[in-house]
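Letter by letter, the chains look like this.
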Amino acid sequence: MSVKMIEFVVNGQAVSVEPVEGEMLAELLRERLRLTGVKVGCNEDECGACTVVIDGEPVLSCNYPAVKAHGKHITTVEGLAQKDAAGRLHPLQDAFIKYGAVQCGFCIPGQLMTSYALLEHNPDPSEDDIKYALKDTLCRCAGYPAIIGAIQAAGKSLRTGQPVEAPQVAPSAHAGKAIGRVAPRPDAVAKVTGSAIYTDDIQFEGMLHARVKRAMIPSGMVTRLDVSKARALPGVVAVLTAEDIPGTHNHGLVIPDWPSLVDEGERIRTVGDAVAIVAAETRAIATEALELIEVEFSPLPVVSSAVQARQEGAPQIHPKGNLLKHIKVRKGDIEAGFADADLILEETFHTPPHDHAFIEPECSIARPLEDGRMEIYVGSQIPYSDRYEVARALGWPEERVRIIGQLIGGGFGGKEDIAGQIHAALLANATGRPVKLLYDRHESLIAHPKRHATQIRVKIGAKQDGRLTAVETELYGDTGAYASLGEKVLTRATTHSSGPYAIPHVRVDCYAMYTNNPPAGAFRGFGVMQSAFAIESAMDMLAERLGLDRVELRRMNALRVGSVTNTGQVLRDSVGLLECIDRVSAEMYKLGGADPFAVKVNPAEPHKRRAWGFAVGYKNTGLGGGAPDKAGAHVELRRDGSFEVRTASAELGQGLPTVLRLIAAEELEQPPTSVDVLLSDTDLTPDGGPTTASRQTYVTGNAVRHAAKQLRQLIVSELCEDYDVDPEKIQFLPGLVKVNGTTLTLPQVAEVLEQHKMTRMAAYEYSAPETKPLGTGGDMHVAFSFAAQAAEVEVDTRTGEVSVLRMIIANDVGTAINPLGLKGQIEGGAIMGIGHALTENFIVNEGQVVTDRLASYRTPSITFTPEFTTFVVEHATADGPYGAKGVGEIVLIPTIPAITNAVYNAVGVRAHSIPLDQEMILKELGKKNSQG
Amino acid sequence: MKLWSNYVLAATIDEAVQALAHAGGSARPVAGGTDLLLELQQGRHEPVHTLVDVSTIPDLQRLEERGGQLFIGAGVPVARIVEHPLVRKHALAVVEACGLIGGPQVRNTATLGGNVAHALPAADGMISLAAMDAVAEAAGANGIRLIPLLELFRGLGKSVLTENNEILTGFYLPLRQTGQASAFSRIMRPQGVALPILNMAVWLQRSGERIECARIAVGPAGPTPQRARQVEEFLGGKTYSEDTTAEAVQLIRETMKFRTSPRRATAEYRTHLVGVLLLEVLEKAWLRAGSMEVL
């Protein structure tokens, strides 16, 4: 029968809706019933974000025809909270908050619904049961350990009727009243109840839907472009090409070399290049219109690697050639260093591009206002840069554009460049109507900048006793068709390529090259992930050649206070590398026995070999290199006695609002819950700079700290005057200020300020200590974070398969301001590293993206979660807030070489590229066996 | 650009067959849709006028002993098969295979019928059925007929079902007798498409220390699913020993032809792995067959 009306029950409510041709359940729930807690991450049955429970079973709603809902009972995340008067959360929701399982939050509805169905069937699930049930519910923040803990705690609560027990998370050694203590995220409740709004959840009256016509060839000239048929399609409101751009045609974070639209007669440099944009009444019509756009190309040769790009006679991609930048590091006399060496080792490594694979695809909404301004709703890592770029494209002053930052469903560096912001604005400007531009997963994989693919040659000279005499590295970095942050990323790769070691003689040459591959830009680790894989692999090889202990070799050469880095920076404080090494090493010996690096064979499964591997890493905090590194912040005492912190810094799930709230609470001696944080609105919040380079805790953290201090001083000085007392007589208590014998509530304090005609707000613009450009010596960076990691792997010698069983991790973060958020960063970063080592490979063949679906670009699922032992090392840095420095990137950097080194220790196969290829391992094992 | 115009929730087999025959445009049967709907969404399958959903037809939802055989309806979600005591008793290979299809959510809608009808040479459920010597039941304009499983396939993605506009209604499997057992396993790689590099199901009849007879299905080994007939023949009547299994490994590597899938596995790697899998799956089935315990 054909269903006339779809009748079903959702969250206890009977619903009856007319069927729509081709409609999936996720669309029905999100668009027609406005249950936007149902998230769509991939539309291809891969990510699990759209999971809803249908008649007791978890089902993916993105690929479930809506008509099939007829007669069913459906529960979405909105139906999970108990609908009693108290509006209590379900124990799972409570547990997810308490365990810190909620980060960016975008996958959380799917995690909760999958877990809910699991607990309904199995109230006491083991870790294996959970891993089986949640295998295909991906979390790119990789809060898997917290998710496992939360599900078990919720199960216990459901079984016993007792409240959910919180996990044990140690406070910081430098904890104050607020900072350094466990605190839930300000947005946690919204994220577990489905009420958290991400850009695609927003609808406006009369809103149009946009889509982008992309070249889909990597290199060529546009010889003909005809959009007339697309314009004529009923329901299409506008089709724009390059000639319709009123302002600047190019954008780019550093160099404006990236055309928003490529015109007839212009050059295509990568498959994702846009040639036309469509706005239509529905997304389906816009999609149909794309097919009617006629575009012809004359193909040009494809440059497919950085090495090829630098070869003589290579086709030139940009007018200035293929070289974006030749980046150099010079320290000492490299020839003398090698002459002094007893042993010289030289190896070459390769790393592929990686995709951020945030579960929330890019989405922008542009909304023209009656007063002539334009609002852009977008989850962006750099809102002020978006404002600049959109205004330039429109040919407007910046103030006419307002970026209203939305929650970001994962970023990791992939939401720094322009995605749909300009296109949506152009279409909104042309049509006078709000326009939503949502990428699908396929488009996201093709269009946004990736991690740089690299080739890294490492040459190390050492004395017999292990002291390094010289390190020379040569890097080729593939920045793809456009610069994006290529120069910055590869500068970081360059300066970190000799590892966190004190080396007298260093020489590095890095060639940042344009190719016809998708652009490469920022990605957690920012070039240092690639360098660390190369140098830390080489260090293990060196230890073996010298017959030295791998840990001892690193300890001997490790940077410490007083060391001079390869760029000539004297490290004055906060170098916790040795402590990281010692902590991890001690634990590794505890878990792994007298020789953790020796292969272990389980007699029951003799074909499986286990061993530990070890690696270290470091990562700068802040922009450095002479770039002004500033952030503004406002802290306001509101009339109701609560506080608001405002800054245009982005929250990608890393926990910035918690950090800023704790800092303000600390300075004002208030409970953290009395501080709200407003981020990323260019009309309301001062520029916090880009959310990149592990800089926000340090830079914006300092800005908030100073602003909060200023507000406190303001309050103190006003009250001193009123009550004629010394400042030290004024005491801040939760919700109160005591002045001698008098107690004022904070609303009363606000009133006093108003009576005095004083502002209730303090504004502060913080500038990080000045840094020096590369090549000039001195302080290139304000601080560095350090880490050591050990990984235990198991290799199946029959198949070559590798799994990571246990990891030991220590990170020197200066001060752990937000210990619960830090735990999520540490574990999630390591799991992302496991992904880079084992699962992730963004494949581009002659400029064409092969891994153009989430089904082929695989990120680690919960089944990859190892057993973690983590240590937080806190060597405070003088200028960081309470001694804190960055943490977002260091967490991932040593993971990859720790794993590949462990594989070598287990089976003697050295990986010169990632991800680990089980067939390669088996082949190498075969060679070794045949050689006896 | 609609993926489909008409979605028919068929209530009976007859209604489904009629709907397919008189769709007034292209028509395809669909159950869980976890393959077909994705192909439609991704443009790998041309839009269809009518989708005939067979997943709620009661006859296709049956899972029971019927006439001395085990009947698994083509519309039973594979998650239910994994849990079902009858399948766990008679066909552990099918349980193990169904437990690995897709992911947990997908298994709540995906069906064995869809797994087979898609006609891919390494579909986990289908490979397990092949080793069980299952017989498929199909319904079309000319009524219901039985087709030995491997005779369904005409090539990569092609089956006799589409040729005849038929729908799969279920599968008949022999009931497990004393000394019989089955097992399934597969080898994946963590990168790339979630298709196995190689999968294998084994059914065998054990008598004391001897293999009376065995059936071995392997995928992907060619455009259609394959049985390792020469190895089956070799194993029949042999004493189970290290020598026997070593010879079987050699034989399977010599007699089965594999191809290279770019970025997934070379033919060489598959040829190696088929021996690894054979040892593992054969041993698992052998040990099960030796235990009288009904699992």
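Thresholds, definitions, all that
- Residues numbered from 1 in each chain as written.
- Chains lettered and ligands numbered in written order.
- Predicted model: local features only at pLDDT ≥ 70, side-chain atom pairs only at ≥ 80, totals over all residues.
- Heavy atoms only, no water.
- Helix = DSSP H or I, 4+ residues; strand = E, 2+ residues; numbered from the N terminus.
- Rg over C-alpha atoms; globule rule 2.2 N^0.38 Å.
- Buried < 20%, exposed > 50% of the residue type's maximum accessible area, 1.4 Å probe, protein only.
- Contact = heavy atoms within 4.5 Å.
- 1 Å grid on protein atoms, 1.4 Å probe; cavity = no way out; pocket = protein on both sides within 12 Å on 5 of 7 lines; lining within 4 Å.
- Points joined across faces, edges and corners; volume = space filled by probe spheres on them.
- Nonpolar A, V, L, I, M, F, W, Y, C, P; charged D, E, K, R; others polar.
- Phe/Tyr/Trp six-rings, centres within 6.5 Å; stacked < 30°, edge-to-face > 60°.
- Lys NZ or Arg CZ within 6 Å of the ring centre and 35° of its normal.
- Salt bridge = Lys/Arg side-chain N within 4 Å of Asp/Glu carboxyl O.
- Polar contact = N/O pair within 3.5 Å; in protein donor to acceptor, adjacent residues only side chain to side chain.
- Domains from an automatic or database assignment.
- Buried area = accessible area lost by both parts, 1.4 Å probe.

Asker: What is the right way to read the overall build of chain B from this model?
Answerer: In terms of regular secondary structure, chain B is built from 12 helices and 14 strands. What you see for chain B is a C-alpha radius of gyration of 19 Å, in line with the 19 Å of a compact globule of 295 residues. For chain B, with 295 residues in total, the buried portion stands at 60%. Counting contacts in chain B only where the partners sit at least 6 residues apart, residues at least 24 apart contribute 61% of the total.

Asker: Any chance you could explain empty space enclosed by the protein here in plain terms?
Answerer: Residues and elements named next belong to chain A. Under the definition given, this model contains 14 cavities of 30 Å³ or more. Space inside the largest cavity adds up to approximately 560 Å³. Considering the residues around the largest cavity, the lining is formed by 40 residues, among which Q654, S694, Q825, V887 and G888 are closest to the centre. Those elements that place two or more of their residues in the lining of the largest cavity are α18 (656-668) and α21 (819-838). Residues that form the lining of the largest cavity fall into these classes: 15 nonpolar, 20 polar and 5 charged.

Asker: Looking at this model, I keep getting lost on the packing of aromatic side chains. Mind explaining?
Answerer: Given two aromatic rings, one states the distance between the centres and the angle between the planes to describe the pair. According to the stated counting rule, one finds 12 aromatic pairs over all chains in the structure shown. When the centroid spacing of 6.2 Å and the interplanar angle of 20 degrees are considered together, the rings of Y618 of chain A and F786 of chain A count as stacked. With a gap of 168 residues between them, Y618 of chain A in strand β24 (residues 605-621) and F786 of chain A in strand β32 (residues 783-796) connect regions that are remote in the sequence. When its relative accessible area of 3% is taken as the criterion, Y618 of chain A is described as buried. By way of ring pairs, the aromatic residues Y618, F784 and F786 of chain A are connected into one cluster. The positively charged end of R66 of chain B is found above the aromatic ring belonging to F71 of chain B, 3.7 Å away from the centroid.

Asker: Would you mind going over helix α12 (residues 421-431) of chain A with me for this structure?
Answerer: All names here are of chain A. The buried fraction of α12 is high, at 9 of 11 residues. All buried positions along α12 are accounted for by Q421, I422, H423, A424, A425, L426, L427, A428 and T431. A positive phi of about 75 degrees marks G432, the residue just after α12.

Asker: Any chance you could explain the interface of chain B and chain A here in plain terms?
Answerer: Where interface size is quoted, it is often the accessible area lost as the parts come together. With 49 residues of chain B in contact, the opposing surface of chain A contributes 53 residues. At the boundary of chain B and chain A, one finds 2 salt bridges. The salt bridge involving R189 of chain B is made with D917 of chain A; its shortest N-O contact spans 3.2 Å. Applying the counting rule to chain B against chain A returns 20 residue pairs in polar contact (both at pLDDT 80 or more). For the side of chain B that touches chain A, the secondary structure elements donating two or more residues are β1 (4-9), α2 (36-41), α6 (104-107) and α12 (267-290) of chain B. Each residue belonging to the side of chain B that touches chain A can be placed in one class, and the counts come to 22 nonpolar, 18 polar and 9 charged.

Asker: Looking at this structure, how should I read the domain arrangement of chain A?
Answerer: All names here are of chain A. Split into domains, chain A comes out as domain 1 (208-300 + 360-409 + 415-447), domain 2 (453-623 + 775-930) and domain 3 (630-689 + 699-767). Computed over C-alpha atoms, the centres of domain 2 and domain 3 are 40 Å apart. Tallying the contact residues gives 7 residues for domain 2 and 13 residues for domain 3. Across the interface of domain 2 and domain 3, roughly 780 Å² is buried in total on both sides, 58% from carbon and sulfur atoms. Taken together, domain 2 and domain 3 are joined by 0 salt bridges. Here domain 2 and domain 3 share 2 residue pairs in polar contact (both at pLDDT 80 or more) between them. The residue makeup of the side of domain 2 that touches domain 3, split by class, is 3 nonpolar, 3 polar and 1 charged.

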